[in-house]
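# Structural description and commentary
So you can see what is in the structure, the chains are spelled out below.
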Amino acid sequence: MERIYLDHAATTPPDPRVIEAMLPMYTTYWGNPSSISLEGQQAHHALDASRKLCADLLGVSTREVVFTSGGTEGDNAAIRGAALAQRSRGRGSHIITSAIEHHAVLHTVEQLEREGFRATYLPVDADGVVDLDALEAAMTDETTVVSVMAANNEVGTIQPIADVVRIVKARNPKAVVHTDAVQAAGAIDISPKTLGVDLLSIAAHKFYGPKGVGLLYIRNRTPWQPLILGGSHEKERRAGTEFVAGIAGLAAAMKLAWDEFEQRNARVSALRNRLLFELPERVPDTVITGPTDPTGRISNNFSCCFRNVEGESVLLALDMAGIAASSGSACTTGALEPSHVLTAMGIDADLAHASLRLTLGTDNTGEQIDYVLETIPGIVARLRSLAGG
Ligand SMILES: Cc1ncc(COP(=O)(O)O)c(C=O)c1O
């Protein structure tokens, strides 16, 4: 049976063109980029070329690009690095984030709270949009770091980051704004200059690049200190021999995502919209989670809850029917706690347990979506009848 992969928010299959761009880093340019030898210099040039490509695509300078091991490290380094640097300059220790961030952000902020920082977790509305009035009210002279994600990984909600930046800087120009753009990269314009952010993190594996590599943008002169200490790699901002092949893959994947932005998003959103509009018609008691207006969510994300079924059972039945799906964030799958994102959006725990996330990619076809739309109603009906519902 052909597998239908609808979990692109968890990770994407690497594009063969990306792998092609990585291979020479293993066969030819395998030297240590910090070595003085010819082998080292060749690897260094390859690394420089990747950095230049990433910086150009983001519209920033090469000095503002630090390569990381992915989204989690980027989020940790951005928030922790800015919070500690701001505190050491005597600028205060108040952090603001939102209640629906990825755990890479939430757990970093919670750890900083244990280290003496104060944190505010902004509420969101029923669509998962962050409350800008609450942001304005929370800002103080002591606020030094604000982190709000560009798009949510569970329900796809796009956040008004430019407005976040405007509100923060108007109240306290010295406060630093970070955005986790891990899910947004390739789906919306994430140019740091357009958004106005000081720090931005992305991960290659969410847009057909390799796993274990990402990028942190750090605007020039942003108060920030490194998380990982050691050698002088990445201009002393991230120690450790660079993952040259992964970084080449990241750059190639970014180039493709930027070049093919229009056609990829048009194609994926047309298929996603079929789920958004047709699935609730075919399955009674389906509650769409996140914006029902397709323009309010990233193009590949569909998410919903089915009343009176267990989300986990739906996922298992879908997997047996050849469909790879998720209940929300890959990290909360298998957890007993309902998703913190759905809870923050005001969805009750029972309903939140019956969540389904289908995230599409460039390889999905109309026939696959036909099959999904035909298969899900039977699965939900069977599970409801088993549960006596
Ligand atoms: C919004 C968001 N932030 C951060 C991460 C973590 O990224 P990585 O898996 O590259 O560490 C993810 C991964 O799912 C994500 O969706």
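Just so it is clear, the model here is predicted, and its values are computed rather than measured.

About the criteria used
Residues numbered from 1 in each chain as written. Predicted model: local features only at pLDDT ≥ 70, side-chain atom pairs only at ≥ 80, totals over all residues. Core = buried A, V, L, I, M, F, W, Y, C linked by C-beta atoms within 7 Å. Buried ≥ 20, exposed ≤ 12 C-beta atoms within 10 Å, placed from the backbone. Helix = DSSP H or I, 4+ residues; strand = E, 2+ residues; numbered from the N terminus. Contact = placed C-beta atoms within 7 Å. Near = placed C-beta within 6 Å. Nonpolar A, V, L, I, M, F, W, Y, C, P; charged D, E, K, R; others polar. Pairing = 2+ DSSP bridges. Axes fitted to C-alpha atoms, helices over the stretch in contact; angles between N-to-C directions. Arc of directions from axis to C-beta. Domains from an automatic or database assignment. Expected span 1.5 Å × (residues − 1).

This part covers the nonpolar core. Ranked by internal contacts, the top residues of the largest apolar core, which has 113 residues, are Leu199, Val244, Ala248, Leu250, Ala253 and Phe306. Ranked by residue count, the leading element in this core is helix H9 (residues 244-259), at 11 residues. When neighbours within four sequence positions are excluded, alanine 248 is seen to be in contact with Ala21, Met22, Met25, Ala46 and Ser50.

Close to the ligand lie 14 residues; Gly70, Gly71, Thr72, Asn153 and Ala203 are nearest. Sorting elements by how many residues they give to the shell around the ligand places helix H3 (residues 71-88) first, with three residues. Among the residues making up the shell around the ligand, the classes are represented as five nonpolar, seven polar and two charged.

Among the structural elements, glutamate 101 can be located in the loop between strand S3 (94-98) and helix H4 (103-114). Under the C-beta neighbour-count criterion, glutamate 101 is labelled buried, with 26 such atoms within 10 Å. Each C-alpha atom, one on glutamate 101 and one on leucine 315, is 23 Å from the other, the two residues being 214 residues apart in sequence. Aside from chain neighbours lying at most four places away, what touches glutamate 101 is Leu106, Ser147, Met149 and Asp180.

A word on the sheet that holds strand S12 (residues 355-359). Pairing within the open sheet is antiparallel, and its three strands lie in the order S9-S10-S12. Whereas interior strands pair on both sides, the edge strands pair on one side only; in this sheet they are strand S9 (286-288) and S12. Between one strand and the next, the sheet's axes are offset by a mean angle of 30 degrees, whatever the strand orientation. The sheet contact formed by strand S10 (residues 301-306) and S12 spans five bridges and is antiparallel.

On to helix H11 (residues 311-320). Of all the positions in H11, only Gly311, Val314, Leu315 and Leu318 are classed as buried. Buried residues along H11 cover an arc of 100 degrees about the axis, so they all sit on one side. Contact partners of the buried residues in H11: S10, strand S11 (323-324), S12 and helix H14 (366-386). Glycine 322 occupies a position one or two residues after H11 and carries a positive phi of about 90 degrees.

Looking at the protein, the domain boundaries give domain 1 (4-12 + 261-386) and domain 2 (16-259). Placing the centre of domain 1 and that of domain 2 at their C-alpha centroids yields a distance of 28 Å. It is helix H12 (residues 340-344) that provides the largest number of residues to the side of domain 1 that touches domain 2, a total of three residues.

A few words now on the sheet that holds strand S7 (residues 199-203). Pairing within the open sheet is mixed, and its seven strands lie in the order S2-S8-S7-S6-S5-S3-S4. Two strands bound the open sheet, and with one partner strand each, they are strand S2 (65-68) and strand S4 (118-122). Ignoring strand direction, the axes of neighbouring strands in this sheet form an average angle of 20 degrees. In this sheet, strand S8 (residues 214-218) lies alongside S2 in antiparallel orientation, the contact comprising four bridges. Bridged to phenylalanine 67 within S8 is leucine 215. Sheet contacts for H4: S3, S4, strand S5 (143-147) and strand S6 (176-180); angle to S3, the most-contacted strand, approximately 155 degrees.

Here the focus is helix H1 (residues 16-27). Residues that lie three or four places apart on an α-helix share one face, since the helix turns once every 3.6 residues. The end-to-end C-alpha separation of H1 is 17 Å, in line with the 16 Å expected for 12 residues at 1.5 Å each. Among all positions in H1, only Val18, Ala21, Met22 and Met25 are buried. Down the axis of H1, the smallest arc covering the buried residues is 95 degrees, so these residues share one side. Those residues of H1 that are exposed and aimed more than 90 degrees away from the buried face are Pro16, Glu20, Leu23, Tyr26 and Thr27. Contacts made by the buried residues of H1 are with helix H2 (38-58) and H9.

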